[in-house]
Amino acid sequence: MELNLDKIPNNIPTSTKKLDLSFNPLRHLGSHSFSSFPELQVLDLSRCEIRIIEDDAYQGLNHLSILILTGNPIQRLFPGAFFGLSSLQKLVAVETNLQSLEDFPIGHLKTLKELNVAHNLIHSFKLPEYFSNMPNLEYLDLSNNKIQNIYHEDLQVLHQMPLLNLSLDLSLNPLYFIQPGAFKEIKLRELTLRSNFNSTDVMKTCIQGLAGLKIHQLVLGEFKNERNLESFDKSLLEGLCNLTIEKFRIAYFDDFSEDTTDLFNCLVNVSTISLVHLSLKRPKYLPKNLRWRRLEMVNCGFEEFPTWELDSLKEFVLTDNKGVSPFTEMKLESLEFLDLSRNGLSFKGCCSHFELGTSRLKHLDLSFNDIITMSSNFLGLEQLEYLDFQRSNLKQASDFSVFLSLRNLRYLDISYTHTQVAFQGIFDGLVSLQVLKMAGNSFQNNFLPNIFKDLTNLTILDLSRCQLEQVSPVAFGSLPKLQLINMSHNNLLSLDTLPYEPLLSLQILDCSFNRIVASKEREWQHFPSNLVSLNLTQNDFACVCEHQNFLQWVKDHRQLLVETEQMVCAKPLDMQGMPMLSFRNATCQRSKTIISVSVFTVLTVSLVAVLVYKFYFHLMLLAGCKKYNRGESTYDAFVIYSSQDEDWVRNELVKNLEEGVPPFQLCLHYRDFIPGVAIAANIIQEGFYKSRKVIVVVSQHFIQSRWCIFEYEIAQTWQFLSSRAGIIFIVLQKVEKSLLRQQVELYRLLSRNTYLEWEDSVLGRHIFWRRLRKALLDGKPWSPEGMADAENS
Amino acid sequence: MWSMEDPLQDFGFSVDQCSKHLKSNLNIRFGIILREDIKELFLDIALFTKGSPILNFSYPICEEDLPKFSFCGRRKGEQIYYAGPINNPGFEILQGEYQILLELYNEHRSTVACANATVVCS
């Protein structure tokens, strides 16, 4: 490349195989200029202003196979300039001021296959003697030189050393004269003569001068920008009767004869004939004795569809004839290959052997045409192996099993044919199909059902640009040989991998240009194990922690993914446009830590709370051991109750309070009253005097018992006098109001104050005991306001 | 007559006519030193007015098999010169200012030449 170097830089590695020094002003190549690069295979010296190449300039380049010298104004070539190039296969000396081939010092290049000396100043066509040294020479480009005349002796060397594979390009030489017999008994691979003749007369005589030539392919014609011939008539080709031609091609003659009747008289035995960019307009009658096997007509301006009967024709190509419509029935019974693409043709009924006139067809190309109405399912065309409808407008293709009889079809292209697949049996019968291209069509509800049931040999499937939103999980259930799927440019929202699971041979999957946000959790594990290439570029990936497992999977499989730098995040906003691979799982771990820490804290706090609640009294005991002393009191509480309720007192109250935590000491008459002392004295001395609190167990029996009422009245008095002990009411059972009213004070107290009620439920009892314990622990008077109220009233 | 040259690209171009009605056979002259082989050559044209695209198309100039023009198949480093007509549908040019983007590229999608021109029709 252009670096303005005036000498070969010395910092190039010696192992370099390809060296491009084009557009550097090297000017002069001295001997052994490239000896530092013995492994060079390609050397490009295009436009290096080289004027002088000295002896042994390329010495040592024993592996060089391509040498390019285009655009150098060479003035002096030393006789040994090209010495040492023992493996050279291709020499390009285009536009190098070369005057003649004879003086070109390349005679020793025995391995040469291709010599390009186009765009030079060569006047003589004399093929030099040294060509007999070059048995591999296949291509000689002498186009755009100054050759005017070709003489018999110019081709002498080909008599000594026939170069049967030689292709010769003489285009753009101002040919004037070819000596008759010059090409006699010469065999060539290819001869190209385009824009060579100034007039029809010159062309006519020159073609006659080619007599005796045996050639595989002869190309005649002009270039669109180099037109020389005023008109073209059938007499021009008369001279071709003396040649043996396998393939004949003719291109870009402006004013080509419209009468083809006798035009091909000398081309009856040609096997292939190409007519390219000729204005033939109307197909004329063709002689019946033509033995053509292949006929190509490209851009010949046909206005009507030709209806020739050519029994020998096996291949027919008629393309780029805009406006040739409509298609009319053909009768080419031996036809195996038919290409009618790019004609804007419309087909009223397609396709069966009735319209195409052959039942041997293997290749049918109807792409880039107009409306093609599918009316039959290829009746009589069971041999078809290749079928192309792309960019034509197919009608009724999804109405029935169109391809049912094509059991030999290997290739089917219905891309961009405006087909909406509604019928699931559309591809039934295609048991040999290997390639199915159906890009740019659509599906009912944008859903891909399993329409591929019979396609067990399919290897390549193109479903791009089909507006697909969903794929059935069984869509690809019967395609064990499928290697490539193109799902790009659809509207898929997630990488749903379940459908691809049965594809044991799948190697390449392209899901680019969709709207994939992520893959469903764990789904990507279903990917077929043979996958080597996965394209997920240009999607709407959400780089959020929610999909971090998928994002991690993407990172782990980056060797599978193509163009990972094109995989960018669409969400969240702060990650928009960032490479997907730059997503850091650490961000998720941080928030995870935050979440786990807060969960742990909440759990701990609630555990502590539960423990505190459960062991509240233990804690009170521990923390307040000093505060909590009974002082002068022996008992925590004196229990007033009816002897009828003694069972409850013994089994519940005593058990729970004296054996629980903290343990309370209760004063119970049956246990703690001193015998021998009067009941009243016991009540006062043992009961009230020695107890901090009084528990009153209110029940039906309590109210009916005179002793109990007595005790309760004393308690009230005692509380009033000592202003110390609180009274805790426990209502053991609901008391009838009428009964309660007998005890006016008690009734008022209970109706205005909080009392404890013995509950039947477990929870109720739990709360009961907690409240009672709390009340007993409290050294202060229980519900003092209530008491005051009671007293006031 | 309108012409331009670009010393960076060794590229020169001229049109022999500048009327409001573009003739269907427009003669141009065009010279370039090729930086790439042009076995195949494609032309992309984009026409804008006030920043909005009017026309955008891609056209194959050289194809490998039986190329249309004599400069097709020329080599990197070679000089080509084309003087002749170009095919285009004749049409009226409406008054205004147009930006034209032209790009020539080869079969390897390497740019052979590009031009960014403004045409003022008044």
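Residues numbered from 1 in each chain as written. Chains lettered and ligands numbered in written order. Predicted model: local features only at pLDDT ≥ 70, side-chain atom pairs only at ≥ 80, totals over all residues. Heavy atoms only, no water.

Asker: Explain the overall build of chain A to me, please; I cannot follow it from the model alone.
Answerer: On a plain count of helices and strands, chain A comes out with 15 helices and 41 strands. Taking 28 Å as the expected radius of gyration for a compact globule of 793 residues, we find that chain A reaches 54 Å, considerably beyond that expectation. Along the first, second and third principal axes, the C-alpha set of chain A runs to 165 × 70 × 40 Å. Among the 793 residues that make up chain A, the fraction classed as buried is 51%. Taking contacts inside chain A between residues at least 6 apart in sequence as the whole, the part at least 24 apart equals 62%. Accessible surface computed for chain A: about 36700 Å², of which carbon and sulfur atoms make up 50%. Charged side chains of chain A number 77 positive and 88 negative; the gap between the two group centres comes to 7 Å. (Helix = DSSP H or I, 4+ residues; strand = E, 2+ residues; numbered from the N terminus. Rg over C-alpha atoms; globule rule 2.2 N^0.38 Å. Buried < 20%, exposed > 50% of the residue type's maximum accessible area, 1.4 Å probe, protein only. Contact = heavy atoms within 4.5 Å. Areas by Shrake-Rupley, 256 points an atom, 1.4 Å probe, with all protein chains shown as cover. Lys, Arg positive; Asp, Glu negative; His and termini not counted. Charge placed at Lys NZ, Arg CZ, Asp CG, Glu CD.)

Asker: Sorry if this is basic, but what is going on with the overall build of chain B here?
Answerer: Looking only at helices and strands, chain B features zero helices and 10 strands. For chain B, the sequential pattern of α-helices and β-strands runs β-β-β-β-β-β-β-β-β-β. With 122 residues in all, chain B has 40% of them scored as buried. Taking as baseline every contact in chain B between residues at least 6 positions apart, the subset at least 24 positions apart corresponds to 57%. Of the roughly 7100 Å² of accessible surface on chain B, 56% is carried by carbon and sulfur atoms.

Asker: Just checking my understanding: could you explain the interface of chain B and chain A for this structure?
Answerer: Interfaces are often sized by the accessible area lost when the parts come together. The interface of chain B with chain A comprises 18 residues on the first partner and 28 residues on the second. For the pair chain B and chain A, the summed buried surface comes to about 1900 Å²; carbon and sulfur atoms form 50% of the total. Of all residues in chain B, the largest losses of buried area upon contact with chain A belong to L66(B), R75(B) and K76(B), amounting jointly to 35% of the total for that side. For the pair chain B and chain A, the number of links is three salt bridges. Residue K76(B) pairs with D44(A) through a salt bridge whose shortest N-O separation is 2.7 Å. Where chain B touches chain A, the interface holds 11 residue pairs in polar contact (both at pLDDT 80 or more). Element by element, the count of residues in the side of chain B that touches chain A is highest for strand β7 (residues 79–87) of chain B, at three residues. In terms of residue class, the side of chain B that touches chain A is built from seven nonpolar, four polar and seven charged. (Buried area = accessible area lost by both parts, 1.4 Å probe. Salt bridge = Lys/Arg side-chain N within 4 Å of Asp/Glu carboxyl O. Polar contact = N/O pair within 3.5 Å; in protein donor to acceptor, adjacent residues only side chain to side chain. Nonpolar A, V, L, I, M, F, W, Y, C, P; charged D, E, K, R; others polar.)

Asker: Please explain the state of the cysteines as it appears in this structure.
Answerer: Applying the stated criterion across every chain yields a total of four disulfides over all chains. One disulfide in the model links C241(A) with C266(A); its S-S distance is 1.7 Å. Between C241(A) and C266(A), the S-S torsion sits near -80°, and that sign places the bridge as left-handed. Placement of C241(A) in the loop between β14 (214–221) and β15 (244–251) and of C266(A) in the loop between β15 and β16 (272–276) is noted, with a sequence separation of 25 residues between them. On the basis of relative accessibility, which here comes to 17%, the residue C266(A) falls in the buried class. What pairs with C350(A) in a disulfide is C351(A), and their sulfur atoms sit 1.3 Å apart. Its torsion about the S-S bond being -45°, the disulfide of C350(A) and C351(A) is classed as left-handed. With respect to class, C350(A) is no different from C351(A); both count as buried. The thiol of C300(A) is unpaired, and the distance to the nearest cysteine sulfur, on C72(B), comes to 19 Å. (Disulfide = S-S within 2.5 Å.)

Asker: Is there a simple way to explain the UniProt feature "transmembrane region" (unreviewed entry) in chain A in this structure?
Answerer: UniProt tags residues 594–617 of chain A as "transmembrane region" (unreviewed entry). Taken as a whole, residues 594–617 of chain A contains 96% helix and 0% strand, while its terminal C-alpha atoms sit 35 Å from one another. (UniProt positions renumbered as here; feature names shortened; annotations may be inferred.)

Asker: Looking at this structure, how should I read the domain arrangement of chain A?
Answerer: Residue and element names in this part refer to chain A. What the domain assignment lists for chain A is domain 1 (1–147), domain 2 (454–465 + 475–583), domain 3 (586–617) and domain 4 (635–775). For domain 3 and domain 4, the distance between their C-alpha centres works out to 43 Å. Counting residues at the interface gives four residues for domain 3 and six residues for domain 4. With both chains or domains summed, domain 3 and domain 4 bury close to 530 Å², and 62% of this area falls on carbon and sulfur atoms. It is Y613, Y616 and F617 in domain 3 that bury the most area against domain 4; as a group they hold 98% of the surface buried on that side. For the pair domain 3 and domain 4, the interface holds zero salt bridges. The interface formed by domain 3 and domain 4 holds two residue pairs in polar contact (both at pLDDT 80 or more) in total. Of all the secondary structure elements, the ones that give two or more residues to the side of domain 3 that touches domain 4 are α5 (585–614) and α6 (616–623). Its residues assigned to classes, the side of domain 3 that touches domain 4 shows three nonpolar, no polar and one charged. (Domains from an automatic or database assignment.)

Asker: I'm lost on the layout of surface pockets in this one. Help?
Answerer: Taking a probe equal in size to a water molecule and rolling it over the atoms shows the remaining empty space. Empty space within the second largest pocket amounts to approximately 1400 Å³. Contributing to the lining of the second largest pocket are 49 residues, with Y139(A), D141(A), K39(B), G73(B) and R75(B) lying nearest its centre. Breaking the lining of the second largest pocket down by element, the ones donating at least two residues are β1 (18–20), β3 (42–44), β5 (66–68), β8 (114–116), β9 (139–141), β11 (167–169), β13 (187–194) and β14 of chain A. Of the residues belonging to the lining of the second largest pocket, the class tally is 14 nonpolar, 14 polar and 21 charged. (1 Å grid on protein atoms, 1.4 Å probe; cavity = no way out; pocket = protein on both sides within 12 Å on 5 of 7 lines; lining within 4 Å. Points joined across faces, edges and corners; volume = space filled by probe spheres on them.)

Asker: Any chance you could explain the pairing of β13(A) here in plain terms?
Answerer: Remember that side chains alternate between the two faces of the sheet whenever the strand is regular. All names here are of chain A. For β11 and β13, the ladder comprises three bridges, and the chain directions are parallel. Note on β13: the bridge partner recorded for L168 is L191. Sheet topology note: the β13/β14 ladder contains seven bridges and is parallel. What sits directly across from L188, in β14, is I215. (Pairing = 2+ DSSP bridges.)

Asker: Can you walk me through the packing of helix α7 (residues 646–659) of chain A against helix α14 (residues 762–777) of chain A in this structure?
Answerer: Helix packing geometry: the angle between the two helix axes and the distance between the axes. Residue and element names in this part refer to chain A. It is at 11 Å that the axes of α7 and α14 come closest, and there the two elements cross at 65°. Here α7 runs over α14; the crossing is right-handed. Two secondary-structure elements touch here, α7 through W648, E652, L653, N656 and L657 and α14 through R765, F768, W769, L772, R773 and L776. (Axes fitted to C-alpha atoms, helices over the stretch in contact; angles between N-to-C directions. Left-handed = near helix turned anticlockwise from the far one by under 90°.)

Asker: Looking at this structure, how should I read the sheet that holds strand β2 (residues 28–29) of chain A?
Answerer: The pairing of strands in a sheet happens through backbone hydrogen bonds and is either parallel or antiparallel. All names here are of chain A. Strand order in the open sheet formed by three strands is β2-β4-β6, with parallel pairing between adjacent strands. Each having just a single partner strand, β2 and β6 (76–77) make up the two edges of the open sheet. Sheet topology note: the strand β4 (residues 52–53)/β6 ladder contains two bridges and is parallel. For I53, the partnering residue across the bridge sits in β6 and is L77.

Asker: Which parts of the structure should I look at to understand the confidence of the model for chain A?
Answerer: Any residue range with low pLDDT should be treated as having predicted coordinates unsuitable for detailed reading. All names here are of chain A. On average, residues of chain A score 86 in pLDDT, and 93% of them reach the 70 mark or higher. Below pLDDT 50 for its whole length, residues 625–630 participates in nine contacts with residues either more than four positions away or in separate chains. This stretch, residues 780–793, has a pLDDT under 50; its non-local contacts, to residues over four places away or in other chains, come to 21 contacts. (pLDDT = per-residue confidence, 0-100.)

Asker: In this structure, what is going on with unusual backbone geometry? I would like to understand it.
Answerer: A negative phi angle characterises most non-glycine residues, just as the trans form characterises most peptide bonds. All names here are of chain A. The residue after C350, namely C351, is reached through a cis peptide bond having omega -5°. As for its position among the elements, C351 is in strand β20 (residues 347–352). A cis amide bond, omega -10°, links K571 with the succeeding residue P572. When you line up the elements, P572 lands in the loop between β36 (569–571) and α5. Here S195, not a glycine, exhibits a phi torsion of approximately 55°, which is positive. Here S195 shows up in the loop between β13 and α2 (200–209).

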